[in-house]
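# Structural overview for review
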Amino acid sequence: MASAPSKLYSDDVSLVVVLLDTNPFFWSSSSLSFSQFLTHVLAFFNAILTLNQLNQVVVIATGYNSCDYVYDSSSTGNQSVGNGRMPSLCATLLQNLEEFMNKDEQLGKQEPEGRIACSLLSGSLSMALCYIQRVFRSGLLHPQPRILCLQGSPDGPEQYVAIMNAIFSAQRSMVPIDSCYLGAQNSAFLQQASYITGGVHHKPQQLDGLFQYLLTIFGTDLHSRNFLQLPKPVGVDFRASCFCHKNTIDMGYICSVCLSIYCKHLKKCSTCGSVFGQAQTQSDEPSATNRKRKTTDA
Amino acid sequence: MPLVKIIAKNFMDMVASLTARDLDRLYENPFICEAILRSLPPLAKKYVMQMFYIDGAIPAKMMEEWVLPDGFTKHRVAIDRLVQLRLFSEEKKKETTYRLNSTFQSNLRKHLIYGGALPREPMPSGITARLPTLEDLEAYAIGQWECFLLQLISSTQAERPTNFSSSMMKVFQRGLLSRRDKEAPRLTESGFQFLLMDTNAQLWYIVREYISNSQERGINQADLISFLLELSFHVAGEGRKENWFIPTKLATNLSMSLTDSSARKEGFIVVETNFRMYAYSTSKLHCEILRLFSKVEYQLPNLIVGAITKESLYNAFENGITAEQIISFLQQNAHPRVADRMPSVPENVCDQIRLWESDLNRVEMTPAHYYDEFPSRDVFEAACDYARDQSGLLWEDPKKMRLVVKAEIHMHMREFLRGQNK
């Protein structure tokens, strides 16, 4: 999928919007500690900013209850806050991150029983897309934007609709969504996101070397992606979740007007309000005819 | 490739042509490392990045596996560049392997972890208050630059006395002006092209000339290059304590333009489909540049009205300016009102400029000789074949046995024909 043409800029200027998963329920049970994760990620940001004077990094934290902008490399209020040892990128980012996590905790909801809670990926995806739209409208000279999702929490099926909407609008604006999944299982949403928008999805095998994975795969700018071998999608899980119960389903009913998916037969579509006709009872007729045809052919 | 890239690439070629010892010394400065990293082609940057934390050597075959078949030429270009700049050291034992330059690597690792730092200490705040504002600085920079360019066009038109040293002026004007004995200095063909380039390209050209001439004056090239590259990391408008210089936007844009191709200034020219041109500018320099290829009709306090005519274009072509340069100048300096339109300069104007340029190429002249009255057809045929072998045959007429050959092989033809007659 061709990336958005950018005018008047050299080929490898990029704007990377990073969605950082800060879900405390995931990080407390992960093999890689959050602080180690941050060291890899901060070095990666420095690398991107070094490559080109015009590169930009924006970080949005995906929390359990809320999402917020945590760092923007192009804002001028980035002077280092007193601490002579740490450079301003790290200091500002860490400080903002800490404030965010305190606020997020205070909005607290109960952790659901059994499985690890999911983070608000749909919220941060939408915020990222809004930021990118603003960049597009700022004039002709803008870097090529892409979204990088660093996610460890599992998918929340209740966010299916919102995430798919965000993915399709990213596809429309030609913004690739890269995703790096750090958790144990696979994330269907992230695989679909990268597949549909033309980004790269990867699940690193060794989390100790996360920095090298980030640099090699996700550090490639959009221009060079035409020339380099990057991980290809293998067996994307395209299953949808139903709109009524948010369960993942393989087969279901679809409204012919608005294409909403339901697991049970309903009289009326809850999204568009169109009334469905009589349900066709499951008769053996069609299958019997098929069987008959098959035997005559044989 | 945009012109800025070509000229800037030449600057990097100059860096690459320094001796091995000088280059290694250059890499001890972390800012140079960063500047050089930024100036590499995108694939080369990727390779360097991937090798940051790899201490050993990587076989070339493995690197080739990283690339898709489409990108193979870019891959070769990137590797050649890296080897030329001594960033990759090549070892050929059983197979070719590449290793990243260790000083470069350690400097950049530090940079990644600790982030970039300012090159020098900032000035104390008491003095900062007395520094000129950013707008003053920009106005000053633009004023000086225009003065210099005006000097190039006509030495009489510059109003303000310039304080460029005369040896500097000579250096810069060496390639761009031709001095004939009795006439005033005239712009050469490359001079015209220089004027139509955009600011960053012009700056790079001058920097390059300055550096190549520094050898004569005894300054070490490597020191100069490192100073200039470091200069680009300063923030415009912030002074530095020790040496009292305040970099302007021109300087800080330099390093950006190593790979960038645009000067992000506002355009001012509107070209209409009836070949009229309206330039919203007050600068004398712009007026002179427009006079190069168009007929300036009126000059109002904030507007220059002109027309692109056949005569004015023929004039420009005779001075060595090409149609492509004129068109790209118009496009790059298009007024913001028309810049959004696609195309910013109307197609009929562009096409007509190119057609008029090809007018001058309609007739091609080759010095030649004409042969007539051959004694017999065999001799004629033999002469034709001979001329064809010598690739000098321009025209033949078998019916009336006439032949035109290039002037270069005339003597050989004469020998041949004499031989035939015997």
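Cut-offs used in this document
- Residues numbered from 1 in each chain as written.
- Chains lettered and ligands numbered in written order.
- Predicted model: local features only at pLDDT ≥ 70, side-chain atom pairs only at ≥ 80, totals over all residues.
- Heavy atoms only, no water.
- Helix = DSSP H or I, 4+ residues; strand = E, 2+ residues; numbered from the N terminus.
- Buried < 20%, exposed > 50% of the residue type's maximum accessible area, 1.4 Å probe, protein only.
- Contact = heavy atoms within 4.5 Å.
- Areas by Shrake-Rupley, 256 points an atom, 1.4 Å probe, with all protein chains shown as cover.
- Disulfide = S-S within 2.5 Å.
- Core = buried A, V, L, I, M, F, W, Y, C linked by side-chain atoms within 4.5 Å.
- Pairing = 2+ DSSP bridges.
- Axes fitted to C-alpha atoms, helices over the stretch in contact; angles between N-to-C directions.
- pLDDT = per-residue confidence, 0-100.
- Polar contact = N/O pair within 3.5 Å; in protein donor to acceptor, adjacent residues only side chain to side chain.

The name given to chain B in an unreviewed UniProt entry is General transcription and DNA repair factor IIH subunit TFB2, with the source organism recorded as Citrus sinensis.

An unreviewed UniProt entry lists chain A under the name General transcription and DNA repair factor IIH subunit TFB4, with Citrus sinensis given as the organism.

This next bit is on the overall build of chain B. Per the secondary structure count, chain B includes 21 helices and 12 strands. The proportion of buried residues among the 422 residues of chain B is 49%. Within chain B, residue pairs in contact and separated by at least 24 positions form 63% of the contacts whose partners lie at least 6 positions apart. With an accessible surface of roughly 22700 Å², chain B has 52% of that area assigned to carbon and sulfur atoms.

Here, the word disulfide means a covalent bond between the sulfur atoms of two cysteines. Residues and elements named next belong to chain A. Under the criterion given, the structure shown has zero disulfides over all chains. With no disulfide of its own, C130 has C67 as its nearest cysteine by sulfur position, at a separation of 12 Å. Judged by relative accessible area, C130 falls into the exposed class, the value being 53%.

Turning to the nonpolar core, a few remarks are in order. In this structure, A:F37, A:F44, A:F45, A:L150, B:Y47 and B:F88 are the most contacted members of the largest nonpolar core, which totals 86 residues. A per-element tally of this core places helix 2 (residues 34-51) of chain A first, with 12 residues. Not counting chain neighbours up to four residues away, the residues in contact with A:L150 comprise A:V18, A:L19, A:L20, A:D21, A:F37, A:V41, A:C180 and A:L214.

We now examine the sheet that holds strand 11 (residues 393-397) of chain B. Residue and element names in this part refer to chain B. Taken in spatial order, the three strands of this open sheet run 10-12-11, and their pairing is antiparallel. Every other strand in the sheet has two partners, leaving strand 10 (368-371) and strand 11 as the edge strands with one partner each. Between one strand axis and the next, the sheet turns through 10° on average, direction left out of account. When strand 11 meets strand 12 (residues 402-406), the two strands line up antiparallel, connected through four bridges. Bridging across to strand 12, D397 finds its partner in R402. Across the face of the sheet, helix 20 (residues 377-389) comes into contact with strand 11 and strand 12 while running at roughly 160° to strand 11. In the packing of helix 21 (residues 410-421) onto the sheet, the strands contacted are strand 10 and strand 12, and the crossing angle to strand 10 comes to about 25°.

To continue, consider the confidence of the model for chain B. Residue and element names in this part refer to chain B. Per-residue confidence for chain B gives a mean pLDDT of 76, with 72% of residues at or over 70. Here residues 156-161 scores under 50 on pLDDT; set against residues more than four positions off or in separate chains, the count is six contacts. Between residues 259-263, whose pLDDT stays under 50, and residues either more than four places distant or in other chains, the model counts 19 contacts. For this predicted complex, the interface score ipTM comes out at 0.74, alongside a pTM of 0.70.

On to unusual backbone geometry. All names here are of chain B. One non-glycine residue, F275, lies in the positive phi region at around 70°. The backbone phi angle of S391 is positive, close to 50°, even though this residue is not glycine. As for its placement among the helices and strands, S391 is situated in the loop between helix 20 and strand 11.

Time to look at helix 6 (residues 188-197) of chain A. Residues and elements named next belong to chain A. Burial within helix 6 is extensive, with nine of its 10 residues counted as buried. The complete set of buried residues in helix 6 reads A188, F189, L190, Q191, Q192, A193, S194, I196 and T197. Looking one or two places after helix 6, you find G198, whose phi comes out positive at around 85°.

The next point concerns the side chain of A:N55. Residues and elements named next belong to chain A. Note on placement: N55 falls in the loop between helix 2 and strand 2 (56-62). Polar side-chain contacts of N55 include one of 2.8 Å to the backbone nitrogen of S14. Setting aside its immediate chain neighbours within four residues, N55 contacts D12, V13, S14, I48, L49 and S73.

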